[in-house]
Amino acid sequence: MIEYLDIGKVVNTHGVKGELKVMPLTDDPLRYNLLTHLLIEEDGKLVEYSIDSVRFHKSFVLIKLSGIETLEDAEKLKNTILKIHRRDAVSLPEGSYFICDLIGIRVHDMNGSELGTLKDIINTGSNDVYVVQYKEGELLIPALKSVVKSIDLDQGKMLVDLPEGLL
């Protein structure tokens with residue numbers, strides 16, 4: 001499993017005192033309130049930053065990090081990915097998974113035939129859609145309990161009962 005989880009992308013600066021404008025990569029941005037530190041990859045290594053403050057503006061998270069005091073400091077972090085160690089992540093409810101753990105999993109139908117590999121997840125608002133690399137194209141599978149029968153991360157396998165006409 002991946003040791004560090006991506007939680008956001010710095011899309012811009014905010015103000016002149018080093019605040020970062022972050023596009024959250026989580027379904028619940030309020031989780032940022034629980035964090036005391038995060039990691040940013042700089043020059044090929046992860047650098048840990050303490051979080052001074054977190055606030056929310058529209059669909060973005062505004063974060064102030066210790067040591068990032070000026071607009072110029074913040075500009076150096078534009079387009080970087082914010083990460084946390086897996087041990088610092090929230091506990092997910094039963095039947096929920098981190099996206100990074102699902103990407104690359106093999107998808108099988110109820111007959112045991114391998115359909116392909118999960119390559120992306122689309123959030124539609126009502127339910128996610130799994131994008132599976134299927135033969136020469138893509139297969140879009142609704143992430144519903146009636147369709148996704150089981151997920152075994154240890155075996156890297158998902159079992160689906162496809163609705164009629166999906167293939």
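Here the structure is a predicted model, which is why all the values come from computation and not from measurement.

This part covers the pattern of salt bridges. According to the stated counting rule, one finds eight salt bridges in the structure shown. For Lys 64, the salt bridge identified is with Glu 69, shortest N-O distance 3.4 Å. For Lys 64, a relative accessible area of 13% puts it in the buried group. In this structure, the salt-bridge partner of Arg 106 is Glu 114, at a minimum N-O distance of 4.0 Å. Classification of Glu 114 by relative accessible area gives partly exposed; the value is 45%. Salt bridges here are not isolated pairs; linked through shared partners, they connect Asp 52, Lys 64 and Glu 69.

Here the focus is the packing of aromatic side chains. The full count for this structure, using the stated rule, is zero aromatic pairs. The ring centre of Phe 60 lies 4.4 Å from the NZ or CZ of Lys 21, which sits over that ring.

Remark on secondary structure: sheet strands pair via backbone hydrogen bonds, oriented parallel or antiparallel. If you trace the six strands once around the closed barrel, you get 1-2-5-4-3-6, paired in antiparallel fashion. Neighbour-to-neighbour, the strand axes of this sheet turn through a mean angle of 50°, independent of strand direction. Strand direction decides the pairing type here: strand 4 (residues 45-57) and strand 5 (residues 60-65), joined by six bridges, are antiparallel. Residue pairing in the sheet places Arg 55 in a bridge with Leu 62 of strand 5.

Moving on to the nonpolar core. Counting residues in each nonpolar core, the largest one holds 21 residues, and the members touching the most others are Val 22, Leu 38, Ile 63, Leu 65 and Leu 82. Residue contacts for Ile 63: discarding those within four places in its chain leaves Gly 18, Glu 19, Leu 20, Val 22, Tyr 32, Leu 38, Ile 51, Ser 53, Val 54 and Leu 82. Core analysis: the second largest hydrophobic core is formed by 16 residues, Ile 105, Leu 115, Val 132 and Val 160 among them.

What counts, and where the lines are drawn
- Residues numbered from 1 in each chain as written.
- Predicted model: local features only at pLDDT ≥ 70, side-chain atom pairs only at ≥ 80, totals over all residues.
- Heavy atoms only, no water.
- Salt bridge = Lys/Arg side-chain N within 4 Å of Asp/Glu carboxyl O.
- Buried < 20%, exposed > 50% of the residue type's maximum accessible area, 1.4 Å probe, protein only.
- Phe/Tyr/Trp six-rings, centres within 6.5 Å; stacked < 30°, edge-to-face > 60°.
- Lys NZ or Arg CZ within 6 Å of the ring centre and 35° of its normal.
- Pairing = 2+ DSSP bridges.
- Helix = DSSP H or I, 4+ residues; strand = E, 2+ residues; numbered from the N terminus.
- Axes fitted to C-alpha atoms, helices over the stretch in contact; angles between N-to-C directions.
- Core = buried A, V, L, I, M, F, W, Y, C linked by side-chain atoms within 4.5 Å.
- Contact = heavy atoms within 4.5 Å.

No statement about biological role is implied by the geometric values presented.
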